Protein chains: 2
Amino acid sequence: MQPLRVGLIGLGTVGTGVSRILLDHADRVTRRAGRPIELTRVAVRSLDKPREIDLPASILTDDAAAVARDPDVDVVVELIGGLSPARELVLDALAAGKDVVTANKALLCEHGLELFRQAREFGRCIAFEAAVAGGVPIIEVLGQSLAANQVHTIEAILNGTSNFILTEMFTNDAAYDDVVRKAQELGYAEADPSMDVKGTDAAQKLGLLTLLAFGTQVGPEKFPVQGIDTIELADLKYADELGYAVKLLATVKLVDGKLEMHTQPTLIRHDRPLAQVDGPNNMVALTGDAVGTTWLSGYGAGQMPTASSVAANLIDVAIGRAQLTFPHLDLWIEHKALPIQPAEEIFRRYYLRLQVDDRPHVMADITDILGRHQISLASVIQHESPEYDEQAGTDGAPPVPLVIMTHRTREGRIQAALTELDQLDCLHQPRVCMPISD
Amino acid sequence: MQPLRVGLIGLGTVGTGVSRILLDHADRVTRRAGRPIELTRVAVRSLDKPREIDLPASILTDDAAAVARDPDVDVVVELIGGLSPARELVLDALAAGKDVVTANKALLCEHGLELFRQAREFGRCIAFEAAVAGGVPIIEVLGQSLAANQVHTIEAILNGTSNFILTEMFTNDAAYDDVVRKAQELGYAEADPSMDVKGTDAAQKLGLLTLLAFGTQVGPEKFPVQGIDTIELADLKYADELGYAVKLLATVKLVDGKLEMHTQPTLIRHDRPLAQVDGPNNMVALTGDAVGTTWLSGYGAGQMPTASSVAANLIDVAIGRAQLTFPHLDLWIEHKALPIQPAEEIFRRYYLRLQVDDRPHVMADITDILGRHQISLASVIQHESPEYDEQAGTDGAPPVPLVIMTHRTREGRIQAALTELDQLDCLHQPRVCMPISD
């Protein structure tokens, strides 16, 4: 049978993994795809750089645009990441009549609607299993296995780097900075880990899941995004004492016709599967109106897990399945793009850690402010400190932590209360506020 | 567009759920399938029986065979369960040129190869997502999302009834019989729960996953199958003390070119995801050579989760995706049907609970037997009992439990040792032996 001819753009970690699967397991891939899948052209940044994999010089080029338009290529695999020139290359490939496989969540989160429309216009497809949660087949499950459902809630741990850091801090009683260094040494974090630890990566992946589940394109600038870079070990320990784990949780929920969205360090009850995901793993919990809640988890990144998803998409294209699936995804119900719930209306419980002076009336001042903002307390922890000495006052004594769990309230009320609390002389930094997912 | 015309055979719990999705969410289903999916004929056991769902009398019949051959039907959904007449109906439907969707794991485990060959011969497809783990999309993930992998290990909790019973016994310190009654009241267990609690249901599902992952048809008579019906609360508690949960675990592993298979109550370390699956849920852990381990979990049964999978298959058929996927599944690599590893060669750790007399030399007698069978002890628990009285001996004193965890050994050695142990006067019933999954 006619082989499927692949033009690979980007021979980094994942590109090398994809090449390995296609070369080392050609028999298996051919059997499952019904025809051979051949690496026909491979664009690399520099032809001189040493490579982990041995490819014939004749298929290598440093001209990515030429691969995108190569008449001998049936499907372009874009693995260079970033917005530009990835966007132009994908548009070119589609215009040249090629299907596209990509792992680029930033590109799809930002320009997904444009690229998907272009694909539809040219009668091509874009497959992107590897763009979210690496080897975990969340795109296929959402678009296909749960197609009979209206999914109404997705809660997910989508950034393995952040999850690894939180796990290590808690397990080893370690400070954030030390663990980031360890994560970098182990290859779990980039030299500049900002995209991961500031929540952007997870928020972009959430945007892509939202587009797929709700036909609505939402960038990370449209909803609350916080990273784990300000998390302190103390909060992980207090959360644990209260029965919760802290995870960087990406959430989208359909609430009264609006999308509630946020990506934030969040307290999750210990007995929930999401709280039990440790190390560099990802988990997606999907709730649909028929299926109830389904959990998927596994490696969210890494060479071979991500390559496994890219190769599955290539098999889909070779069989012709991707071409059938793509037009039926909920990607273009533009008339029903859903409004995003304003952040201040988000309704949930909160964890607060306040560093306060250990003197009379502090508790009264704080609870007065919370009470006036209609925020009701569910629990309070103040561990015993050395006895208050009326004569000495608290001059020079360190502030003590006061940990408060609220009942459900609006984000707007919490923010207003925090602004007022921050005016109190008795309150010191850091002042921590994290949402709770029940 | 031409609707997909469905002939539904069986309007029980799941059939009613499928009808609900097709009728109540026709717009959504049409959008995702690219065309309407219509209930054209529905075969019921008795036309007079009151039904939960209101269907036009004109589409109802009590002649299932007529539905399987109806020229106005494009796809037959078989939801009556059991081997006969389900097998004949499916064969008839395929011969009449219809695709088939079924949730019948017993049928596919027993007659899968025959039915799949018949489908291929007639150029039709069989889709069976609902046959294993209800709403959890394990069939699609195994056949499609992980297609670039050689899956080499599947460990799964596939029987929600058994998992519910084990969870309830442990959580509520309850005896097996009491919990079975509760499960029956809640609808989690059948009036005759044998298929569930004796392990047959889980073993059949494992057989089907094995056919899909390894192209080898294996019935439950070919590998060790034990149920949870002899489990005592004491063993759940000892396991917990040792750091393990007990689950009915279905396992298939590719070991040195042979398939190691078993479905047994098994000790699983607390920190593993499989140990954390409680209540009527299912979980499948798949390990592939590229993806590493991926976990899927959710409701393994129930009306709407199972109907969600059946409806997803109908959407697959309507789009034409199921027809493309089916011929590329690893269902007919007959030349490489893999041998099953003989049970006695299975190599793993074991948990033993021996009820022994509390007198001198008992421990020596037992450890002598284990040692002569080359079984090495990893840990021993014998809780303190009232002091041994040399004058009184142990006449009339109750036996005390001795709990032993072994290092890895062969099943054959354990069985030989148990046979010899059972000869000891100092050993009493029950004598419990469960494998450990590390």
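Per an unreviewed UniProt entry, chain A goes by the name Homoserine dehydrogenase and belongs to Maioricimonas rarisocia. According to the UniProt record, the Sequence similarities (unreviewed entry) comment for chain A reads "Belongs to the homoserine dehydrogenase family." Per UniProt, chain A has the following entry under Cofactor (unreviewed entry): "a metal cation".

Take the pattern of salt bridges next. Residues and elements named next belong to chain A. Enumeration over the complete set of coordinates arrives at 58 salt bridges over all chains. We note a salt bridge from D178 to R181, for which the minimum N-O separation is 2.6 Å. Pair noted here: D178 and R181 are both in helix α8 (residues 176–185), with a separation of three residues, about one helical turn. R181 gets classed as partly exposed once you look at its relative accessible area, which sits at 45%.

For the rest of this paragraph, the subject is the sheet that holds strand β5 (residues 99–102) of chain B. Residues and elements named next belong to chain B. The six strands are arranged β3-β2-β1-β4-β5-β6 in an open sheet whose pairing can be described as parallel. Looking along the sheet, the strands with just one partner apiece sit at the ends: β3 (60–61) and β6 (126–127). Pairing geometry for β5 and β6, over two bridges, is parallel. In the strand pairing of β6, V101 is matched with A127. On the sheet, helix α12 (residues 303–319) packs against β1 (4–9), β2 (37–43), β4 (75–78), β5 and β6 and is oriented at approximately 165° with respect to β5.

Glancing now at the domain arrangement of chain A. All names here are of chain A. Taken as a whole, chain A is organised into domain 1 (4–134 + 304–333), domain 2 (138–299) and domain 3 (343–437). Between domain 2 and domain 3, roughly 1,700 Å² of surface is buried when both sides are summed, and carbon and sulfur atoms account for 58% of that area. The tally of links between domain 2 and domain 3 comes to three salt bridges. Counting the contacts that link domain 2 with domain 3 gives 11 residue pairs in polar contact (both at pLDDT 80 or more). Listed by contribution, the elements that provide at least two residues to the side of domain 2 that touches domain 3 are α11 (233–242), β8 (244–255) and β9 (258–269). The element best represented in the side of domain 2 that touches domain 3 is β9, accounting for 10 residues. By residue class, the composition of the side of domain 2 that touches domain 3 is 13 nonpolar, three polar and eight charged.

All names here are of chain A. The positions UniProt marks with the feature "active site" (unreviewed entry) are K205. Mapped onto the elements of the fold, K205 is located in helix α10 (residues 200–214). Ignoring anything within four residues of it in the chain, the contact list for K205 reads K105, A131, V132 and L158.

To continue, consider the relation of the copies chain B and chain A. Take chain B, turn it by 180°, move it 0.0 Å along the axis, and it overlays chain A with an RMSD of 0.0 Å. In symmetry terms, the pair is related by a two-fold rotation axis. For chain B, the smallest separation between a C-alpha atom and the rotation axis is recorded for L296(B), amounting to 2.3 Å. An overlap of 100% is found between the interface residues of chain B and their copies at the interface of chain A, pointing to a shared contact surface.

Calculation rules
- Residues numbered from 1 in each chain as written.
- Chains lettered and ligands numbered in written order.
- Predicted model: local features only at pLDDT ≥ 70, side-chain atom pairs only at ≥ 80, totals over all residues.
- Heavy atoms only, no water.
- UniProt positions renumbered as here; feature names shortened; annotations may be inferred.
- Salt bridge = Lys/Arg side-chain N within 4 Å of Asp/Glu carboxyl O.
- Helix = DSSP H or I, 4+ residues; strand = E, 2+ residues; numbered from the N terminus.
- Buried < 20%, exposed > 50% of the residue type's maximum accessible area, 1.4 Å probe, protein only.
- Pairing = 2+ DSSP bridges.
- Contact = heavy atoms within 4.5 Å.
- Axes fitted to C-alpha atoms, helices over the stretch in contact; angles between N-to-C directions.
- Domains from an automatic or database assignment.
- Buried area = accessible area lost by both parts, 1.4 Å probe.
- Polar contact = N/O pair within 3.5 Å; in protein donor to acceptor, adjacent residues only side chain to side chain.
- Nonpolar A, V, L, I, M, F, W, Y, C, P; charged D, E, K, R; others polar.
- Least-squares fit on C-alpha atoms with pLDDT ≥ 70 in both.

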